[in-house]
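Observations on chain architecture
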Amino acid sequence: MPRKTKDGQPFDSIAYRQEWNKKNMKAVGASYRAEFVDEYKAAAKKLGLKTSDLIRQVMEDVIKQANEQ
């Protein structure tokens, strides 16, 4: 049986997720030469790491360093 909202309407999980993302998420972007990006992605794959995890780790390190000053 499909889920319902409090007012009895069908719950739209896609619309809910889109609205949540709009309110709570932001994108971080950067552009680099294609050869550099390809090399980075290949290195991350070789090490079994996700590029997004690596970017997040660097961001967390910068925040931590800034908070220690």
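The numbers attached to residues start from 1 for each chain and follow its sequence in the written order. For this predicted model, a pLDDT threshold of at least 70 governs which residues receive local features, and a threshold of 80 or more governs which side-chain atom pairs are given and counted, while totals over whole chains, interfaces and linings are taken from all residues. No hydrogens and no water enter the side-chain calculation; it runs on all heavy atoms of the structure.

The helix and strand tally for the protein chain stands at three helices and zero strands. Secondary structure elements are defined from DSSP: runs of H or I of at least 4 residues count as helices, runs of E of at least 2 residues count as strands, and each element is numbered from the N terminus. Starting at the N terminus and ending at the C terminus, the protein chain contains elements arranged as α-α-α. Throughout, the radius of gyration refers to the C-alpha atoms, and the reference size of a globule is 2.2 Å times the residue count to the power 0.38. In terms of overall size, the protein chain is more extended than a compact globule, its C-alpha atoms giving a radius of gyration of 19 Å where 69 residues would be expected to give roughly 11 Å. Expressed along its principal axes, the backbone C-alpha trace of the protein chain runs to roughly 50 × 35 × 25 Å. Across the 69 residues in the protein chain, those meeting the buried criterion constitute 1%. Using the Shrake-Rupley algorithm and a 1.4 Å probe, accessible areas are obtained, with residue cover drawn only from the displayed protein chains. Of the roughly 7200 Å² of accessible surface on the protein chain, a fraction of 55% belongs to carbon and sulfur atoms. Between the mean site of the 14 positive side-chain charges and the mean site of the 10 negative ones, the protein chain shows a separation of 6 Å. Exposure classes here rest on a 1.4 Å probe applied to the protein chains alone. A residue is buried below 20% of its type maximum, exposed above 50%, and partly exposed in between. Here Asp and Glu are counted as negative and Lys and Arg as positive; His is not counted, and neither are the chain ends. In this description, the location of a charge corresponds to atom NZ of lysine, CZ of arginine, CG of aspartate or CD of glutamate.

Now for a nonpolar patch on the surface. On the surface, V28, Y40, I55 and M59 cluster together to form a nonpolar patch covering roughly 360 Å² of accessible area. A relative accessible area of 30% means that Y40 is categorised as partly exposed. Patch membership needs two things, relative accessible area over 30% and no salt bridge, and members are linked within 9 Å if like-charged or within 5 Å if nonpolar (Val, Leu, Ile, Met, Phe, Trp, Tyr). What counts as a salt bridge is simple: a side-chain nitrogen of Lys or Arg found within 4 Å of a carboxyl oxygen of Asp or Glu.

In this section: the layout of surface pockets. Once rolled over the atoms, a probe with the size of a water molecule shows which space is left empty. Buried and open spaces are told apart on a 1 Å grid over the protein atoms alone, a cavity being a set of points where a 1.4 Å probe fits but cannot get out and a pocket being an open set with protein on both sides within 12 Å along at least five of seven lines. Residues with an atom within 4 Å of a point are the lining residues. Grid points are joined across faces, edges and corners, and a volume is the space filled by probe spheres set on the points. A volume near 310 Å³ is recorded for the largest pocket. Lining the largest pocket are V28, G29, A30, Y32, F36, V37, Y40, K41, T51 and I55. Sorting the residues of the lining of the largest pocket by element identifies helix 2 (34-46) and helix 3 (51-68) as the ones contributing at least two each. Considering each element in turn, the lining of the largest pocket owes the most residues, four residues, to helix 2. Taken together, the residues of the lining of the largest pocket break down into seven nonpolar, two polar and one charged. Three classes are used, and their members are as follows: Ala, Val, Leu, Ile, Met, Phe, Trp, Tyr, Cys and Pro are nonpolar, Asp, Glu, Lys and Arg are charged, and the others, Gly among them, are polar.

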